[in-house]
Amino acid sequence: MKLLVSSVRVIDKQSPFNGQVKDILIEDGKIKQIGDNLGAGNAQVVDGTGLCVSAGWVDMRVQGRDPGFEHKEDLHSVREAAAHGGFTEVVLLPNTQPVVDTKDTLNYIRHSSFGGLVTLHPAAAVTKKADGVDFTEMMDLHKAGAIAFTDGESPVQNADLLLKTILYLRPLNALLINRPEDRELTLYGQMHEGVTSTLVGMKGMPALAEEMMLIRDLKLLEYALEKNTYDTTAPVLHVSLLSTVRGVELIREAKAKGLPVSVDIAAHQLAFEDKDLIGFDTNLKVNPPFRSPEDNAALRQGLADGTIDAIVSDHNPHDEESKNLEFDHADFGITALETAFALSVMHSGLVVDDIVEKLTAQPRRILRLPEVNVAEGAAANLTFFDPNAEWLFGRSYSKSKNTPFLGQTLRGKVRGVINNGKQEWFQ
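Position labels on residues start from 1 in each chain and follow its written sequence. Residues qualify for local features only when their pLDDT is at least 70, as the model is predicted, and side-chain atom pairs are given and counted only at 80 or more; totals for whole chains, interfaces and linings, by contrast, use all residues. The side-chain values count all of the structure's non-hydrogen atoms but skip hydrogen atoms and water molecules.

Peer 1: Mind showing me how you'd approach unusual backbone geometry here?
Peer 2: Peptide bonds are trans in most cases, and residues, glycine excluded, mostly fall at negative phi. In this model, Asp66 is joined to Pro67 through a cis peptide bond whose omega is 15°. A run of H or I in DSSP becomes a helix once it reaches four residues, and a run of E becomes a strand once it reaches two; helices and strands are each numbered from the N terminus. In this fold, Pro67 is placed in the loop between β6 (57–62) and α1 (75–84). Of the consecutive residues Asn287 and Pro288, the connecting peptide bond is found in the cis state with omega at 5°. With respect to the secondary-structure elements, Pro288 resides in the loop between β13 (261–266) and α8 (293–304). We note that Arg65 has phi near 70°; this positive angle belongs to a residue other than glycine. Mapped onto the fold, Arg65 is located in the loop between β6 and α1. Positive phi, normally seen in glycine, also occurs at Asn173, with a value near 55°. Here's how the labels work: a residue is buried when its accessible area is under 20% of the maximum for its type, exposed when over 50%, partly exposed in between, all with a 1.4 Å probe on protein chains only. Overall, Asn173 belongs to the partly exposed group, its relative accessible area being 36%.

Peer 1: Honestly, α1 in this entry has me stumped. Any pointers?
Peer 2: At 3.6 residues per turn, the α-helix brings residues three or four places apart onto the same side. For α1, a buried count of seven out of ten residues is recorded, marking the element as mostly surrounded by other parts of the structure. Of all the positions in α1, only Leu75, Ser77, Val78, Ala81, Ala82, Ala83 and His84 are classed as buried. Whether two residues are in contact is decided by their heavy atoms, any of which lying within 4.5 Å being enough. As for α1, its buried residues are in contact with β6, β7 (87–92), α2 (103–112), β8 (119–122), β16 (409–419) and β17 (422–425). Backbone geometry just after α1 places Gly86 at a positive phi near 95°.

Peer 1: Honestly, the environment of Pro67 in this entry has me stumped. Any pointers?
Peer 2: Residue classification places Pro67 among the buried residues on the basis of a relative accessible area of 12%. Distance in space between the C-alpha atoms of Pro67 and Asn95 is 9.4 Å, their sequence separation being 28 residues. With residues up to four places along the chain from it excluded, the contact list for Pro67 reads Thr96, Gln97, Pro98, Thr105 and Tyr108.

Peer 1: In this structure, what is going on with helix α10 (residues 340–347)? I would like to understand it.
Peer 2: In terms of burial, α10 is largely enclosed, as six of its eight residues are buried. Those residues of α10 hidden inside the fold are in contact with β6, β7, β14 (310–312), α11 (352–359), β15 (382–392) and β16.

Here you go:
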């Protein structure tokens, strides 16, 4: 591949060309030259006027469904949806069938994306079958290429298991990802516990369920550090899908104490509030649930001041039979890879440079991935986008269509991705 992208604005805080409009010449999978009025020679030419370019985006939380639930999503369709969403690398949760708790299943996912446009990074389960009882062979899974360890949709409820996991992973410099939810407090819950849940007569999921578990996890992390002297500059615990005022405060306090913790939120979390569920649209049934305006304001503040490190899609595909039924019987989740950037532009309150950092540099730092920059000699792992373009989300490349955004006009459009010597461009 020899490609010249002309007149594109670089968005990369670590690049010497940040904020500048430049031509970028790509050859043999690397950025050969960045400059003005570059000669094309025999290169393919793409007019980048009005576009921005950054390092390829990384999504830290995606349900791939394959193996076991290929009717909802498979490894091909999840890569297609990721590419159209601007993601060149995605972390797949282990909640498949079988669960990613052995090297065979892990390698099935890893090998499927070798050299492809979108790189798949499988996370391995902390416990066998992600059922919270017995540990997996985490050392073997780490050596086999697991990007991180998590029980994914099943937050670790047993405090002793979580503590031992932290102690076990620290010498490996491996990451533990956990979503804070006390399942006893959210049992049978359907939406955020508040005025709206009372009005519509649905069992609520209290903010307390997140806060109690987060307090526990942070205390266990602090305790583990006292028992373990291994040093690391990378986060040891990553808190996924924060959603409450108090949750943001707890993370802010933990970081002020120097605890090695990081956190993400889902892009769609800011697009709705609990009152929007009055119409019983099952596409709005997510976990954590859409919460109050005060919670959303706290999340925006946490993004702005750096308390929240990363933005994820929390892509969670479901077939029609899992969503098109009574609200209390429908599954939780939204297909979100293709809309994460647009929703970040529309609802986060961040400038585009900061959004990009929470999709690129920060996830790579947390996941211990190599740094990727828009610089001469660097690998061409790039996302091209127009943060101001309005577009109709008329077609989803995911196998599942459980999203409230189909048919809506969004702002912030991905125009192309390049990775591993491959490219794809979108209208």
